[in-house]
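Below are the chains, spelled out letter by letter.
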Amino acid sequence: MALLPLAGCVVSETRPEPYTPAAQAQVEIPEARLLDIGVGVFETGLPDEGEATEEGVFRNVREAEASYIAVQLKDTLQKTGHWGMVRVVPERSNSLDVHLKGKIVESDGEILVLEIKAMDATNRVWFKNRYKGRADGASYSDSSVLDRDPFQSLYNAVANDLLEYRETLATEDLQNVRQVAELRFAGSIAPAAFGEHLTEDREGDLKVARLPAVDDPMLARVRLVRERDYMFIDTLNDHYGTFHRQMEEPYESWRKFSYEEILNLREVKRTARWQQMIGAAAVIGAVAMGAEADSRTAAVASDVALIGGIGIFRAGLQTAKEAKIHADAISELGESFNADIQPAVVEVQGEERRLTGSAATQYGEWQRLMQEIWTTETGLPATGSETEVAATSESSEP
């Protein structure tokens, strides 16, 4: 009987997570050490369409998060001042020096787990890490003055790791990355002219086989097309930025309520287990007491314990039902979230297109369009034999 009061004494406690700041540039970074970064839209980490997902995971939310998290990481890197252009891209871009490829492993408002692979234009892998963050509950408070993402420490950790690796590279190594990126882009739009300027070793890393002449007119044209590619990527980022702003309020509300529901769910399940265990123990004890009762007083005590134990056991079952209600509430929040996020319309090359769900396709079309631009402006085929363009493309050894 002394155990009965413990059934209502379980208290959920959350502790604030230590904050990891992102290293900020204290001086202007030399141009030679600035690299342009592409942050790929994250993989959702979900099974194929039509297959079941884990309980509490909602496909519509996760698909929206894939872009939201990429923008959040991009903004974090941009604000450090350690990098050149940082942009979100639907797939790896040949224009940019470093690419971040990520996958969402877990995301429920309380826990965020990301897998991130960083590699440069030479295909050298900088790192492949798994990052796990627990939400800073204070960021969800209505009276919060933190004004930061609940998982900002995680994004900062990625930024710090990226910077730490770059600092291990000599300026000459960074210059080589930039040269390979330029030749990689040139080869993607005009392989007939630049397809053999890079070689690939056994490990799959790209190396400069030869450099175009400094005053090569074809390289100058490639750089103009590359500038257009930057503009197109900027257009995509205007869309991603708009999508991020439109998504921020409903997404933050969803994460806040999901966070609270998860804590409630955990507390309710814990309380239910206590109530059921104590109730069952009281029932067993009451039965044993009744079997050994030698007096009316003992029999009454046995009945009281039995009734009390059954009551607590029933309360445990009722609490378990409440847990199911909380789980259903999370599901409803996920469904309503999808209705709050509307696809944005972006103007690309004078045409209005709905970017949601089609950014990769649109970017693929842009890659083909750049080859058409090259052919139109130079009169040379994008593909063909090296001899067809040898007369107009002078090369020098690196």
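Residues numbered from 1 in each chain as written. Predicted model: local features only at pLDDT ≥ 70, side-chain atom pairs only at ≥ 80, totals over all residues. Heavy atoms only, no water.

**Regarding the overall build of the chain**
- Within the chain, the regular secondary structure consists of 7 helices and 11 strands.
- Here the chain, with 398 residues, has 44% of them falling under the buried criterion.
- Looking at the chain alone, contacts between residues at least 24 apart form 72% of all its contacts between residues at least 6 apart.
- Accessible surface for the chain amounts to roughly 20700 Å². Of this, 51% is attributable to carbon and sulfur atoms. (Helix = DSSP H or I, 4+ residues; strand = E, 2+ residues; numbered from the N terminus. Buried < 20%, exposed > 50% of the residue type's maximum accessible area, 1.4 Å probe, protein only. Contact = heavy atoms within 4.5 Å. Areas by Shrake-Rupley, 256 points an atom, 1.4 Å probe, with all protein chains shown as cover.)

**Details of helix α2 (residues 152-166)**
- In this model, α2 (15 residues) spans 21 Å end to end at C-alpha, consistent with the 21 Å of a helix rising 1.5 Å per residue.
- Listed as buried for α2 are Q152, L154, Y155, N156, V158, A159, L162, L163 and R166.
- The elements touched by buried residues of α2 are β1 (37-40), α1 (59-80), β3 (98-107), β4 (111-120), β5 (125-134) and α3 (171-189). (Expected span 1.5 Å × (residues − 1).)

**What to know about the nonpolar core**
- Counting residues in each nonpolar core, the largest one holds 67 residues, and the members touching the most others are F42 and L77.
- The contacts of F42, once residues within four sequence positions are left out, are A66, I69, A70, L73, G102, K103, I104, L114 and I116.
- A64, Y68, F243 and M247 belong to the second largest nonpolar core, which has 8 residues in total. (Core = buried A, V, L, I, M, F, W, Y, C linked by side-chain atoms within 4.5 Å.)

**Some points on the environment of P47**
- Note that P47 resides in the loop between β1 and α1.
- On a C-alpha basis, the gap between P47 and R59 in space is 9.4 Å, while along the polypeptide they are 12 residues apart.

**Description of the packing of aromatic side chains**
- Considering all chains together, one arrives at 2 aromatic pairs under this definition.
- Relative to W126, the ring of W83 has its centre 6.5 Å away and its plane inclined at 40°; by these criteria the two rings are tilted. Within this pair, whereas W83 is found in the loop between α1 and β2 (86-89), its partner W126 is found in strand β5, the two being separated by 43 residues in sequence.
- Considering the side-chain rings of W126 and Y165, the 4.9 Å spacing of their centres and the 25° angle between planes classify their relative orientation as stacked. Highlighted residues: W126 in strand β5 and Y165 in helix α2, separated in sequence by 39 residues.
- Here a set of aromatic residues connected by ring pairs shows up, and it is made of W83, W126 and Y165.
- Sitting over the face of the ring of Y19, R148 holds its NZ or CZ atom 3.7 Å from the ring centroid. (Phe/Tyr/Trp six-rings, centres within 6.5 Å; stacked < 30°, edge-to-face > 60°. Lys NZ or Arg CZ within 6 Å of the ring centre and 35° of its normal.)

**Digging into α1**
- For α1, which comprises 22 residues, the first-to-last C-alpha distance of 32 Å matches the rise-based estimate of 32 Å (1.5 Å per residue) to within 8%.
- Summarising burial for α1: 17 of the 22 residues are buried, a large majority.

**Here we look at the pattern of salt bridges**
- The final tally for this structure, using the stated rule, is 14 salt bridges.
- Salt-bridge contacts for R178 lead to E31; the nearest nitrogen and oxygen are separated by 3.2 Å. With a gap of 147 residues between them, R178 in helix α3 and E31 in the segment before β1 connect regions that are remote in the sequence.
- In this structure, the salt-bridge partner of D120 is R124, at a minimum N-O distance of 3.0 Å.
- Taking relative accessible area as the criterion, R124 reaches 23% and is therefore assigned partly exposed.
- One salt-bridge network, held together by shared partners, links R33, R166 and E167. (Salt bridge = Lys/Arg side-chain N within 4 Å of Asp/Glu carboxyl O.)

**Overview of the pairing of β3**
- Relative to β3, β1 runs parallel, the two being bridged by 3 bridges. Directly across from V39, in β3, lies its bridge partner L100.
- Two elements, β3 and β4, share 9 bridges in a ladder whose sense is antiparallel. Pairing of L100 across the sheet is with A118, part of β4.
- Where β3 hands over to β4, the hairpin turn is made up of 3 residues, of which G109 adopts a positive phi near 95°. (Pairing = 2+ DSSP bridges.)

**Focus on the sheet that holds β4**
- Spatially, 5 strands are ordered β2-β1-β3-β4-β5 in an open sheet, and the strand pairing comes out mixed. Each having just a single partner strand, β2 and β5 make up the two edges of the open sheet. Averaged over all pairs of adjacent strands, the angle between strand axes in this sheet comes to 20°, irrespective of strand direction.
- With 9 bridges connecting them, β4 and β5 associate as antiparallel partners. (Axes fitted to C-alpha atoms, helices over the stretch in contact; angles between N-to-C directions.)

**A word on the pairing of β4**
- In terms of burial, β4 is a largely internal element, 8 of the 10 residues being buried.
- Between the antiparallel neighbours β4 and β5 lie 4 residues, among them N123 with a positive phi of about 80°.

**Structural notes on the side chain of D120**
- Mapped onto the elements of the fold, D120 is located in strand β4.
- Given the relative accessible area of 0%, D120 is considered buried.
- At 2.5 Å, the side chain of D120 forms a polar contact with the side chain of T122.
- Setting aside its immediate chain neighbours within four residues, D120 contacts R92, D97, V98, W126 and V177. (Polar contact = N/O pair within 3.5 Å; in protein donor to acceptor, adjacent residues only side chain to side chain.)

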